[in-house]
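If you want the building blocks of each chain, they are given just below.
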Protein chains: 2
Amino acid sequence: MSTVDEQQVTARTVGSVRVVGAGLLGASVALGLMAKGVDVIVHDASPSNLRLAIDYGAGRAAHATDSPALIVVAVPPDLTAEVVAQELKAYPDALVTDVASVKVAPLAELRVVGADVSRYIGSHPLAGRERGGAISARADLFIGRPWVITAHAGIPAAQIAVIEHLVLDLGAVPVAMSAEDHDRAVALVSHAPQAISTLLARRLVDANPGSLELAGQGLRDTTRIAASAPELWVQIMGANSQYIIEVLRDFRTDLDVMIHALSDQEARGARKSLAQILAGGNNGVSRLPGKHGQDRRFAQIVVKIDDRPGELARLLTEIGELGVNMEDLRLEHSPGAQIGLAEIAVLPEAEERLVSELEERGWKIAGAYQ
Amino acid sequence: MSTVDEQQVTARTVGSVRVVGAGLLGASVALGLMAKGVDVIVHDASPSNLRLAIDYGAGRAAHATDSPALIVVAVPPDLTAEVVAQELKAYPDALVTDVASVKVAPLAELRVVGADVSRYIGSHPLAGRERGGAISARADLFIGRPWVITAHAGIPAAQIAVIEHLVLDLGAVPVAMSAEDHDRAVALVSHAPQAISTLLARRLVDANPGSLELAGQGLRDTTRIAASAPELWVQIMGANSQYIIEVLRDFRTDLDVMIHALSDQEARGARKSLAQILAGGNNGVSRLPGKHGQDRRFAQIVVKIDDRPGELARLLTEIGELGVNMEDLRLEHSPGAQIGLAEIAVLPEAEERLVSELEERGWKIAGAYQ
């Protein structure tokens with residue numbers, strides 16, 4: 001029996017893995033597997049992308065004698081089915097997966113062209129960054145993230161296990177779903193939010209700069225993902241349009257109710273319908289699992305620190321001396337400000353003692369919240 | 001001449017300040033002024049709120065002999081004009097301001113009731129938290145935030161200066177605007193984003209839990225402000241409906257274009273119109289000033305750290321020893337994970353040396369980005 005620690009360093013993945021497409025996801029898969037000691041072959045249609053990825057440590061170049069056990073196709077959604085079909089043909093003993101964020105369309109296309117889908121299992125890691133390319137890749141990109149595996153009917157369990165091992169080797173959490181359930185779910189939690197964030201950010205294009213100076217964290221948060229690459233999102237939205245439209249139409253129905261309530265506030269029930277929409281938003285947010293904004297499992301302590309090297313280290317050293325483990329830490333200071341604020345998350349039972357001990361040691365506590 | 005340091009500790013505000021309404025904003029104003037040594041009188045219609053605020057250090061109770069120079073009304077938007085009118089009458093020598101997030105409606109109401117608006121100057125600090133009440137108040141809430149001052153025609157410069165001093169004493173940045181420009185601006189940067197975030201979060205109410213397990217940071221960010229208090233937002237939206245509706249109608253026009261493009265992708269120009277909307281979102285986000293997501297002024301270095309007390313302190317101590325000043329710090333670790341990631345922002349010119357020095361000292365660098 002291996003211990004948890006051994007499991008963390010030993011790869012479950014057996015044999016060579018070929019990664020096709022050295023963008024953010026492909027190169028991150030390659031880096032993550034390399035860190036586990038797996039033999040990773042990387043390929044990209046662009047010779048310069050390929051060289052960059054290899055320089056970056058994301059695998060080695062392909063040899064004619066390669067016989068990969070597993071192939072991970074990480075190309076744009078529009079090309080996914082075509083490349084998966086090529087790889088299935090070129091490596092008749094390999095299992096092939098892909099990481100595209102839509103799952104119904106690639107499988108349907110593969111069936112149309114008569115590809116050997118008995119060796120194909122679609123998958124999708126829910127991970128990413130606003131910046132793409134091998135240059136933004138990170139071995140730790142998938143740690144703790146869900147990775148959906150959409151095995152279609154007739155795929156043997158042993159083949160599914162190969163994909164699960166890949167997912168676990170990259171630190172992600174395997175989630176089994178049908179392709180349809182996956183596409184419906186990501187339309188709601190990823191594609192429609194992308195569309196809405198984009199449409200909101202578009203309203204800023206003609207705003208006068210004085211208005212934008214008043215922008216706060218709320219606007220920044222709601223529009224952050226609108227900075228994502230249009231080329232990619234045209235493909236994703238196109239490939240999952242059916243489910244996205246369902247969400248957007250329901251959204252528009254509510255939007256019309258809201259505009260109507262705001263237009264005639266004296267109408268009977270106008271304020272009530274506005275309040276119901278706002279309360280509905282509360283209910284929706286509260287259904288999101290786990291950490292959301294401030295983590296309610298922890299108490300927050302805000303400590304003022306002078307903005308000079310070593311001050312934060314001194315604070316953390318003293319917290320360590322007190323035997324308190326920080327669950328999270330956020331440092332905030334405005335440009336030019338002479339003090340910063342360290343927001344420290346600790347277990348609720350540690351809060352009171354930590355605050356009093358830090359105050360005794362001369363630290364200024366700006367706030368403490370359960 | 002005073003130095004910058006002296007200016008930071010000496011209050012510019014002269015005389016007593018009466019704060020009416022001991023919620024988040026009122027109590028934060030009180031705490032901030034108390035920290036500057038100002039005599040702060042706090043009042044709240046609710047005796048228990050008032051006691052809580054006083055216990056919390058947010059000012060003293062009112063005396064019959066009080067003669068405040070300045071009154072800050074921090075009550076819900078619906079009550080603002082009424083309470084401002086009462087205060088103008090009760091204290092005929094005082095200047096009165098308010099902090100409501102709409103500015104046209106209160107002034108208009110004051111004129112209707114014949115209040116002495118020559119002693120009233122509306123203002124609005126762009127600051128807040130999702131949690132309200134004196135218990136969430138912070139002396140530092142306004143530091144570095146814009147605080148709009150909407151002086152109407154005929155207000156003398158000396159009176160405007162009193163409000164500016166209040167704003168500077170609380171660490172905020174005074175911004176002069178007309179009430180109309182203010183209301184149009186906040187409709188765009190605050191009220192419409194609140195509406196959109198709420199409508200998006202509402203889509204989650206009927207989602208199945210499995211879908212929500214796939215939610216990532218994008219959905220969390222876009223729906224975070226949907227957790228705000230419905231009672232407050234019914235009032236804000238009601239009071240600024242005209243400008244909010246303008247933004248929401250333009251949003252809906254784009255939404256219809258997007259739904260249409262997704263519905264018939266084979267139509268001529270469908271993909272192009274989708275790409276244009278997405279690119280428009282990019283352009284909109286790029287217009288937001290200052291820090292947005294990752295701060296591009298700084299290089300980011302990601303260091304792996306073991307999840308045990310003292311490790312982060314040791315890292316920061318060593319960074320301090322190297323003479324490098326951290327501009328920002330974010331600690332991330334997934335529940336149960338045995339390592340954490342410390343994302344450290346430093347000036348770009350310090351990045352290369354810091355990475356090599358840390359690696360020499362045995363730290364694992366997960367990534368470094370400019």
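It should be noted that the structure appears before, not after, this text.
Structural notes, computed from the coordinates. (Residues numbered from 1 in each chain as written. Chains lettered and ligands numbered in written order. Predicted model: local features only at pLDDT ≥ 70, side-chain atom pairs only at ≥ 80, totals over all residues. Heavy atoms only, no water.)

## With respect to the sheet that holds strand β5 (residues 120-125) of chain A
All names here are of chain A.
Link 1 in the chain: The strand order across the open sheet formed by 7 strands is β2-β1-β3-β4-β5-β6-β7, and the pairing between neighbours is mixed. On the outer flanks of this sheet lie β2 (40-43) and β7 (173-176), each paired with one strand and no other. On average, each strand axis in the sheet is inclined to that of its neighbour by 25 degrees, with strand direction left out of account.
Link 2 in the chain: Sheet topology note: the β5/strand β6 (residues 146-150) ladder contains 4 bridges and is antiparallel. (Pairing = 2+ DSSP bridges. Helix = DSSP H or I, 4+ residues; strand = E, 2+ residues; numbered from the N terminus. Axes fitted to C-alpha atoms, helices over the stretch in contact; angles between N-to-C directions.)

## Some details on the relation of the copies chain A and chain B
Link 1 in the chain: Between chain A and chain B, the superposition needs a rotation of 180 degrees and an axial shift of 0.0 Å, giving an RMSD of 0.2 Å. Taken together, the turn and the small shift mark the pair as related by a two-fold rotation axis. Scanning chain A for the C-alpha nearest the rotation axis identifies Thr222 of chain A, at a separation of 2.0 Å.
Link 2 in the chain: Interface residue correspondence from chain A to chain B reaches 99%, placing this contact among same-surface, isologous pairings. (Least-squares fit on C-alpha atoms with pLDDT ≥ 70 in both. Contact = heavy atoms within 4.5 Å.)

## Things to note about the packing of helix α7 (residues 179-202) of chain B against helix α10 (residues 230-239) of chain B
Residue and element names in this part refer to chain B.
Link 1 in the chain: Put simply, α7 and α10 touch, their axes get as near as 11 Å, and they point 125 degrees apart. Considered as vectors, α7 and α10 are oriented oblique to each other. For the element pair α7 and α10, the recorded crossing hand is left-handed. Each of Ser190, His191, Gln194 and Ala195 in α7 lies in contact with α10, whose residues at this interface are Trp233, Ile236 and Met237.
Link 2 in the chain: Here the residues of the contact of α7 with α10 are counted per class, giving 4 nonpolar, 3 polar and no charged. (Parallel < 35°, antiparallel > 145°, perpendicular 65-115°, else oblique. Left-handed = near helix turned anticlockwise from the far one by under 90°. Nonpolar A, V, L, I, M, F, W, Y, C, P; charged D, E, K, R; others polar.)

## Section: helix α5 (residues 104-112) of chain B
Every α-helical turn comprises 3.6 residues, leaving residues that sit three or four positions apart pointing alike.
Residues and elements named next belong to chain B.
Link 1 in the chain: Within the sequence span of α5, burial applies to Pro106, Leu107 and Leu110. End-on view of α5: buried residues confined to an arc of 95 degrees, all on one side of the axis.
Link 2 in the chain: Among the structural elements, α4 (77-90) and β5 (120-125) are those in contact with the buried residues of α5. (Buried < 20%, exposed > 50% of the residue type's maximum accessible area, 1.4 Å probe, protein only. Arc of directions from axis to C-beta.)

## With respect to the interface of chain A and chain B
Link 1 in the chain: Contact residues are listed per partner, giving 127 residues for chain A and 127 residues for chain B.
Link 2 in the chain: Where chain A abuts chain B, roughly 11,300 Å² becomes buried across the two surfaces, and 63% of that area is made up of carbon and sulfur atoms.
Link 3 in the chain: Between the two partners, chain A and chain B, sit 14 salt bridges.
Link 4 in the chain: With a closest N to O distance of 2.7 Å, Arg202 of chain B and Asp254 of chain A form a salt bridge.
Link 5 in the chain: Our count for the contact surface shared by chain A and chain B stands at 26 residue pairs in polar contact (both at pLDDT 80 or more).
Link 6 in the chain: No other element matches the 16 residues that helix α11 (residues 241-263) of chain A contributes to the side of chain A that touches chain B.
Link 7 in the chain: Looking at side-chain class alone, the side of chain A that touches chain B contains 63 nonpolar, 34 polar and 30 charged residues. (Buried area = accessible area lost by both parts, 1.4 Å probe. Salt bridge = Lys/Arg side-chain N within 4 Å of Asp/Glu carboxyl O. Polar contact = N/O pair within 3.5 Å; in protein donor to acceptor, adjacent residues only side chain to side chain.)

## Quick look at the nonpolar core
Link 1 in the chain: If you look at the biggest cluster of nonpolar residues, it comprises 76 residues, and the most contacted ones within it are Leu248 of chain A together with Leu248 of chain B.
Link 2 in the chain: Mapped onto this core, the elements with two or more residues apiece are α7 (179-202), α10 (230-239), α11 and α12 (270-286) of chain A together with α7, α10, α11 (241-263) and α12 (270-286) of chain B.
Link 3 in the chain: Leave out the neighbours within four places in its chain, and Leu248 of chain A touches Ala192, Ala195 and Ile196 of chain A together with Leu255, Met258, Ile259 and Leu262 of chain B.
Link 4 in the chain: One finds Ile301, Ile319 and Ala342 of chain A together with Val303 of chain B within the second-largest nonpolar core, a separate group that totals 44 residues. (Core = buried A, V, L, I, M, F, W, Y, C linked by side-chain atoms within 4.5 Å.)

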